Amino acid sequence: MINLADINARVLKPVPELDYFDTQSAQLCREITPLEAWNFAMAEPKPFLKLAFWLRDAVSGVFGVKPIKGFSGKAAMDVTVGDYLDFFVVEYFDEKTLVLTARDRHLDVMTCVSTNGPAVRITSSVEVHNWFGHAYMIPVGVAHRWIVRGDLKRLQRRMNK
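How each quantity is defined
- Residues numbered from 1 in each chain as written.
- Predicted model: local features only at pLDDT ≥ 70, side-chain atom pairs only at ≥ 80, totals over all residues.
- Heavy atoms only, no water.
- Helix = DSSP H or I, 4+ residues; strand = E, 2+ residues; numbered from the N terminus.
- Buried < 20%, exposed > 50% of the residue type's maximum accessible area, 1.4 Å probe, protein only.
- Contact = heavy atoms within 4.5 Å.
- Salt bridge = Lys/Arg side-chain N within 4 Å of Asp/Glu carboxyl O.
- Core = buried A, V, L, I, M, F, W, Y, C linked by side-chain atoms within 4.5 Å.
- Pairing = 2+ DSSP bridges.
- 1 Å grid on protein atoms, 1.4 Å probe; cavity = no way out; pocket = protein on both sides within 12 Å on 5 of 7 lines; lining within 4 Å.
- Points joined across faces, edges and corners; volume = space filled by probe spheres on them.

## Re the side chain of Thr-111
So, point 1. Following the sequence through the fold, Thr-111 ends up in strand S7 (residues 107-116).
So, point 2. By relative accessible area, Thr-111 is classed as buried at 8%.
So, point 3. With near-sequence residues (within four places) excluded, Thr-111 lies in contact with Phe-88, Leu-98, Val-99, Leu-100, Ile-122, Thr-123 and Ser-124.

Listed below in structure tokens is the structure:
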């Protein structure tokens, strides 16, 4: 895990060596914790995401990837390293940073939710291990940016009321 101190985020390895990298942020009217930001983003699973995860599980299962079933919408009151938030493992957690990973033989994914005062940032990094991982990331890479942008805009609207 690499600390990108200039943006208060963690990634799998140096950015130029990643197969996928995305970082987006939002300014809020007050500070929140990374876990609060995560809980908000996951509180209302989007219907299209349920369909996307169902399709992902159906197609990936043919290639021996275990199903992840998407996001449950359950809020976590507290976490420690090693806990699961749906299919993600909590790899690191402090008052400003929540690092989640999902790893399999096709790819490693790291999502970092970080805060800096009233700013919230979601940074995602992926290392691909084989052709299936590359194929998987084609639609996921595009959709991911759009989903995170929407989550941050909803968070911003809710917090800035």
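Back to the write-up after that little detour.
## Here we look at the pattern of salt bridges
So, point 1. Within the structure shown, the criterion is met by six salt bridges.
So, point 2. Put simply, Arg-145 and Asp-22 hold a salt bridge, and the shortest N to O gap is 3.5 Å. With Arg-145 in helix H3 (residues 131-159) and Asp-22 in strand S3 (residues 20-27), this residue pair connects regions lying 123 residues apart in the sequence.
So, point 3. Take Arg-145: its relative accessible area is 31%, and that puts it in the partly exposed class.
So, point 4. In this structure, Arg-154 engages Asp-151 in a salt bridge whose closest nitrogen and oxygen atoms are separated by 2.2 Å. Separated by three residues within a single helix, Arg-154 and Asp-151 lie in helix H3, roughly one turn from each other.
So, point 5. When salt bridges with common partners are traced through the structure, they connect Glu-91, Arg-103 and Asp-108 into a single cluster.

## With respect to the nonpolar core
So, point 1. Ranked by size, the top nonpolar core spans 30 residues in total, and within it Trp-38, Leu-85, Leu-98, Val-120 and Leu-155 carry the most contacts.
So, point 2. Elements with a minimum of two residues in this core: S3, helix H1 (34-43), strand S5 (88-93), strand S6 (97-103), S7, strand S8 (119-128) and H3.
So, point 3. It is H1 that provides the largest number of residues to this core, a total of six residues.
So, point 4. Once you skip the residues sitting within four places of it in the chain, Leu-85 turns out to touch Leu-35, Trp-38, Ala-76, Val-79, Val-90, Leu-98 and Leu-100.
So, point 5. Judged by nonpolar contacts, the second largest core, of eight residues, contains Leu-4, Val-11, Val-99 and Cys-112.

## Section: the pairing of S8
So, point 1. With nine of ten residues buried, S8 lies mostly within the body of the structure.
So, point 2. Here S7 runs beside S8; their pairing, made up of ten bridges, is antiparallel. Bridging across to S8, Asn-116 finds its partner in Ala-119.
So, point 3. Taken together, S7 and the strand that follows it, S8, pair antiparallel across an intervening segment of two residues, in which Gly-117 is found at a positive phi of about 65°.

## Some thoughts on empty space enclosed by the protein
So, point 1. Scanning all chains against the criterion turns up one cavity of 30 Å³ or more.
So, point 2. Estimated volume of the largest cavity: approximately 30 Å³.
So, point 3. Around the largest cavity, the lining residues are Ala-37, Ala-41, Val-120, Ile-122, Asp-151, Leu-152 and Leu-155.
So, point 4. A per-element tally of the lining of the largest cavity places H3 first, with three residues.

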